[in-house]
Amino acid sequence: MGFVRLLPRSSSRARNRVVETDLEIDLEADLEAESEVDVSKKRHKAPVELTALEELPVFDGSPAPIVSAPVASAPVVSAPIVVPQAPAPGVTGTRVIAFANQKGGVAKTTTTLNLGVAFKEMGYRVLLVDLDPQGNLTMSQGLNPDTIETSMFDVLVRKIPISDVIERREVDLAVASIDLAGAELALAALIGRERSLEKALVEVRDRYDFILIDTPPSLGLLTINAFVAATGVIVPVQCEYLALRGLVQLENTLAMVRENLNPLVGVEGIVPTMYDARTLHAREAVEILEENFGDLVFKTRIRKTVRYAEAPVKGSSVLGYDPTGNASQAYRDLAKEVLHGAEAREHA
Ligand code: ADP
Ligand code: MG
């Protein structure tokens with residue numbers, strides 16, 4: 001199995017950094033190994049180098065999971081994160097954004113909810129979709145996934161209309177239940193298993209400006225469904241060194257989805273979360289992110305604060321729970337960046 005590496009944006013800057021951490025040592029080693037690659041390519045222009053992807057499983061009818069774990073001895077091939085060259089989705093039309101990172105606890109759910117509520121405050125029509133069997137998004141709006149009778153499982157597998165599982169809360173929410181844990185297995189047997197969510201959203205797409213999809217901490221069939229339905233992907237990343245590693249696998253999966261199922265989907269941005277400006281560790285982690293992914297990294301840093309854990313207990317977003325606090329403002333700032341990022345790309 002091949003393991004595709006991300007191409008750092010500016011290897012010379014990274015190379016010149018004082019090596020202080022294990023990860024930087026690893027990155028240096030990676031950079032040495034990639035020394036034959038033309039690292040001067042601009043992010044927006046860089047094609048995906050899919051050589052190693054040919055060795056990865058394709059959608060050939062075999063059950064998920066689709067992505068292989070990286071192997072230490074695997075060949076080193078670069079695959080830069082690609083922003084598709086198509087017109088920016090959503091400046092006109094509905095933007096469908098998947099929040100993904102196969103690592104748990106990086107603030108996917110928190111970001112889906114609070115960004116959604118921030119868009120609603122700005123006057124946009126917002127639907128959230130809970131695709132995580134853990135149902136944390138559903139819970140954070142005061143609903144109990146254990147007692148919900150019809151959920152996204154029924155939408156994806158039994159093909160009931162998605163409008164049947166939408167609850168009106170702070171924002172509209174298509175709910176998850178514990179059943180969703182069986183969805184990957186049930187979907188695996190179905191033809192069109194990767195397009196189930198995309199098809200379900202057709203019914204309601206015109207009613208919303210933003211459809212935000214919270215995904216589970218894996219790159220299995222539920223997350224693939226989100227990528228196929230999405231116009232873009234936002235990746236919340238905890239401000240710590242090991243964060244970079246997971247992004248490689250994430251981009252591999254996205255590259256396969258682009259090849260096979262949805263040519264327009266790509267990473268719209270990376271959100272640094274749980275940022276603690278007092279620690280050198282967090283500041284360096286963000287620097288490394290920016291060195292590697294440039295302006296894909298949103299300028300808004302979501303700081304570490306207990307407010308984000310307190311709000312869901314009250315069945316509320318942070319914007320509802322503490323509307324004037326810094327934690328709420330951070331997601332309003334991010335909402336503006338997400339909006340303007342798309343406009344900027346459309347006019348570029
Ligand atoms: P994921 O969906 O990626 O698993 P969550 O959004 O559920 O992550 O966040 C994991 C935990 O961290 C939750 O308890 C959440 O309340 C908390 N959390 C999220 N964002 C922050 C933050 N910026 N600062 C502190 N805690 C946070
Ligand atoms: Mg979650």
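Every value quoted in this text rests on a predicted model; they were computed, and no experiment measured them.

### A word on helix α9 (residues 243–260)
- Along its 18 residues, α9 runs 27 Å from first to last C-alpha, staying within 8% of the 26 Å computed at 1.5 Å per residue.
- Most of α9 sits out of view: 15 of its 18 residues are buried.

### A word on the packing of helix α8 (residues 221–229) against α9
- Running from N to C, α8 and α9 point in directions that differ by 55°, and their axes come no closer than 10 Å. The pairing of α8 with α9 is recorded here as oblique in orientation. Classified by chirality, the crossing of α9 by α8 is right-handed. Residue-level contacts link I224, F227 and V228 of α8 to L250, T253, L254 and V257 of α9.
- Looking at the contact of α8 with α9, its residues break down into 6 nonpolar, 1 polar and no charged.

### Quick word on the sheet that holds strand β7 (residues 210–214)
- In spatial order, the strands read β5-β6-β4-β7-β3-β8-β9; together these 7 strands make up an open sheet with mixed pairing. Two strands close off the open sheet at either side, each with one partner strand: β5 (166–168) and β9 (267–273). On average, each strand axis in the sheet is tilted by 25° relative to the strand beside it, whichever way the strands run.
- Two elements, β5 and strand β6 (residues 172–174), share 3 bridges in a ladder whose sense is antiparallel. Looking at β6, one finds that I166 is bridged to A174.
- Where helix α3 (residues 108–121) meets the sheet, it contacts β3 (95–99), β4 (126–130), β7, β8 (232–238) and β9, and its direction lies at approximately 165° from that of β7.
- Here α9 sits on the sheet in contact with β8 and β9, set at roughly 165° to β8.

Calculation criteria
- Residues numbered from 1 in each chain as written.
- Chains lettered and ligands numbered in written order.
- Predicted model: local features only at pLDDT ≥ 70, side-chain atom pairs only at ≥ 80, totals over all residues.
- Heavy atoms only, no water.
- Helix = DSSP H or I, 4+ residues; strand = E, 2+ residues; numbered from the N terminus.
- Expected span 1.5 Å × (residues − 1).
- Buried < 20%, exposed > 50% of the residue type's maximum accessible area, 1.4 Å probe, protein only.
- Axes fitted to C-alpha atoms, helices over the stretch in contact; angles between N-to-C directions.
- Parallel < 35°, antiparallel > 145°, perpendicular 65-115°, else oblique.
- Left-handed = near helix turned anticlockwise from the far one by under 90°.
- Contact = heavy atoms within 4.5 Å.
- Nonpolar A, V, L, I, M, F, W, Y, C, P; charged D, E, K, R; others polar.
- Pairing = 2+ DSSP bridges.

The values are spatial; any link to function lies outside them.
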